[in-house]
Amino acid sequence: MAQSIEARNISFQYDTAAGPVLAVKEASFSVAPAEFLCVLGPSGCGKTTILNMLAGFLTPTGGEILMDGNPVTAREHNRGVVFQDFAQLFPWRTARQNVEFGLEMRGVSREARRETARQFLKLVKLEKFADAYPHQLSGGMQQRIAIARALAYNPGVLLMDEPFAALDAMTRDEMQKQLTEVWQETRKTIVYITHNVAEAVYLADQILVMAPHPGTIRARIPLALPRPRDPLSANFVEMQRQVLANLTH
Amino acid sequence: MSAPFLLVAAAWEAVAIAGIFPAKLFPSLETVFTTLAELSLDGILWAHAAGTLARLALGFLLAVGVGVVAGILMGRFQVVEDLFLPAVSFAYPIPGLAYAPLFVLWFGLGDLPAVLLVGAASCFVVIINAWKGVKAVRPLWLRAAEVMGANERQMFWKVIMPAALPYILTGLRLGLAQAWRILVVVEMLTAVEHGLGWMIFGAREFLNTDVMLSGVMVIGVVGLVLEKQVFERVERYTVVRWGMLTA
Ligand SMILES: Nc1ncnc2c1ncn2[C@@H]1O[C@H](COP(=O)(O)OP(=O)(O)OP(=O)(O)O)[C@@H](O)[C@H]1O
Ligand SMILES: [Mg+2]
């Protein structure tokens, strides 16, 4: 089920026409099974690059990543990924068929697939749109379908790249609450990327604060705030202040 | 939709009645339709149309089978692309008629060279479009499918095929047009037993312009039916419904 992740001194360098770009430099961190890690940093600091390495889409140009002690490869089917990009859903599949995709790949029967898809569509409050095609949904709705799709086949590790950045504040608050509940219920290891301090403080057990050019980890902040967290409580605000100080000093 | 047809028909009639050209060369629509009716009552027209349609179907299916598979392999595997793209790019702009005589020498007269020529002449545009379609598949979709556990076969049928479909359909459309173009002439060249092309060119010997025009009309109608009933339907049911192409 939930896996541990260990990144040892990982670097990534893009080769571009204009020369090499060091996007991530010697980052090390570890995530315990069922831990919620937030990676926090400004735009362009290498967050997506780190996520792509964790997902196995990019191979670190230096260092190594271990999941439960084994090196990462792309085809190990125990990860769910929610991408930063809206257009990640398959336009030729309805919302329900998108959510069923992972189960279908595993040969799960049609009835079981339908039932699971229904549950997760309900979770993201889109059960009414089960038969809609992605192009008929708003960007935020598509993003919620993508989350349901990544959860539906119950991967042990969930990698999420600013999944709620495009949602309105109200929906985002609601989604954050639901995500916490799903996480507490299913005990997945989650790596969650964001540039929003309040979001990180609300969700994380541990926050990695990154600095850009080249992307490095500037601080590792454990959060012991009890859950459910109240964004208006004094402790929460104090924590936010601390994290922000790390981000900007 | 019928208004433009009526307009052309009226203009045609006007020219025919005005007698600008000899009636033998420029028959009135009435004559053409009478001939059309006679030919179809005789069954001659059906025999010719059936021959042509059979060759068109076989040749085009050949092109689609070879073209879609080759194009997708080229798009999916760099080695295959490196191997075939130069040859495809070279052959693509050559008109099929240019190598038609060669096919006649190699395969003799009759249906075989006609079908093969239709296949050869129309497969390149199918290949090129299928190849481009695969190249245009969003890497994000491939990544998403991969991480969700799709194996190579599932990736092909459930991601690459639908993702490349808008391009593939374009290729099929252009391929079919190409197939028509070459088939009508090739039927003459390879002296098939029955065929609309054969009928049209044969009628020329006797200045039977009404027969020629009947053949042309049948080709036009078949083309129109294929476009409206096959391509547009498939499109509406797939890429348009998926929002990948606006109707
Ligand atoms: N495909 C690429 N080719 C070349 N350089 C890239 C590529 N992708 C990212 N980079 C560079 O690597 C750095 C980190 O990019 P990355 O996408 O990881 O940032 P990010 O933290 O996810 O930013 P954002 O918050 O805007 O999504 C950037 O400076 C960017 O210019
Ligand atoms: Mg990013």
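Caption draft 1: Up close: the coordination of the magnesium ion (ligand 2). All names here are of chain A. Taken together, the protein ligands of the magnesium ion (ligand 2) are T48 (OG1) and Q84 (OE1), with distances of 1.9 to 2.3 Å. Remark: Q84 occurs in the loop between β6 (79–82) and α2 (95–105) and T48 occurs in helix α1 (residues 47–55); sequence separation between them is 36 residues. On the basis of relative accessibility, which here comes to 29%, the residue T48 falls in the partly exposed class.

Caption draft 2: Structural view of the interface of chain B and chain A. Each side of the interface is counted separately: chain B has 24 residues, and chain A has 26 residues. The contact between chain B and chain A buries some 2,300 Å² in all, and 63% of this surface belongs to carbon and sulfur atoms. Per-residue buried area on chain B facing chain A is highest for R143(B), V147(B) and M148(B); these three make up 31% of the total on that side. Remark: the boundary between chain B and chain A carries two salt bridges. Here E104(A) and K158(B) are joined by a salt bridge, their closest N and O atoms 2.4 Å apart. The set of elements that each furnish at least two residues to the side of chain B that touches chain A consists of α7 (139–147) and α8 (152–189) of chain B. A class-by-class count of the residues in the side of chain B that touches chain A yields 14 nonpolar, four polar and six charged.

Caption draft 3: Local environment of the pairing of β6(A). Residue and element names in this part refer to chain A. Side chains R79 and V81 of β6 all project onto a buried face; the interleaved residues G80 and V82 project onto the opposite face, where all are buried too. Of the strand pairs in this sheet, β6 and strand β7 (residues 157–161) are connected by four bridges, and their pairing is parallel. The residue of β7 that forms the bridge with G80 is L158.

Caption draft 4: Representation of the site of ligand 1. All names here are of chain A. Around ligand 1, a shell composed of Y14, T16, A23, S43, G44, C45, G46, K47, T48, T49, Q84 and E162 is seen. Between ligand 1 and T49, the relevant distance is 2.6 Å, taken from an oxygen atom to a side-chain nitrogen or oxygen of the residue. Coverage of ligand 1 by the protein chains reaches 66% of its 640 Å² of free accessible surface. Among the elements of the structure, β1 (5–16) and α1 are those that each provide at least two residues to the shell around ligand 1. A total of three residues in the shell around ligand 1 trace back to one element, the largest contributor, which is α1.

Caption draft 5: Inspection of the packing of helix α3 (residues 44–76) of chain B against helix α9 (residues 196–204) of chain B at higher detail. Residue and element names in this part refer to chain B. Remark: α3 packs on α9, axes separated minimally by 7 Å, with the N-to-C direction vectors making an angle of 125°. Between α3 and α9, the interaxial angle falls into the category oblique. Of the residues in α9, those touching α3 at L45, H48, A49 and T52 are L196, G197, W198 and M199. When grouped by side-chain class, the residues that make up the contact of α3 with α9 number five nonpolar, three polar and no charged.

Caption draft 6: Inspection of the pairing of strand β2 (residues 19–31) of chain A at higher detail. Residues and elements named next belong to chain A. The pairing of β1 with β2 spans nine bridges and is antiparallel. Each residue of the ladder has a partner; that of I5, found in β2, is V31. Between the end of β1 and the start of β2, which pair antiparallel, lie two residues.

Conventions we followed
- Residues numbered from 1 in each chain as written.
- Chains lettered and ligands numbered in written order.
- Predicted model: local features only at pLDDT ≥ 70, side-chain atom pairs only at ≥ 80, totals over all residues.
- Heavy atoms only, no water.
- Donors = N, O, S within 2.8 Å, 3.2 Å for Na, K, Ca; no water.
- Helix = DSSP H or I, 4+ residues; strand = E, 2+ residues; numbered from the N terminus.
- Buried < 20%, exposed > 50% of the residue type's maximum accessible area, 1.4 Å probe, protein only.
- Contact = heavy atoms within 4.5 Å.
- Buried area = accessible area lost by both parts, 1.4 Å probe.
- Salt bridge = Lys/Arg side-chain N within 4 Å of Asp/Glu carboxyl O.
- Nonpolar A, V, L, I, M, F, W, Y, C, P; charged D, E, K, R; others polar.
- Pairing = 2+ DSSP bridges.
- Near = heavy atom within 4 Å.
- Polar contact = N/O pair within 3.5 Å; in protein donor to acceptor, adjacent residues only side chain to side chain.
- Areas by Shrake-Rupley, 256 points an atom, 1.4 Å probe, with all protein chains shown as cover.
- Axes fitted to C-alpha atoms, helices over the stretch in contact; angles between N-to-C directions.
- Parallel < 35°, antiparallel > 145°, perpendicular 65-115°, else oblique.

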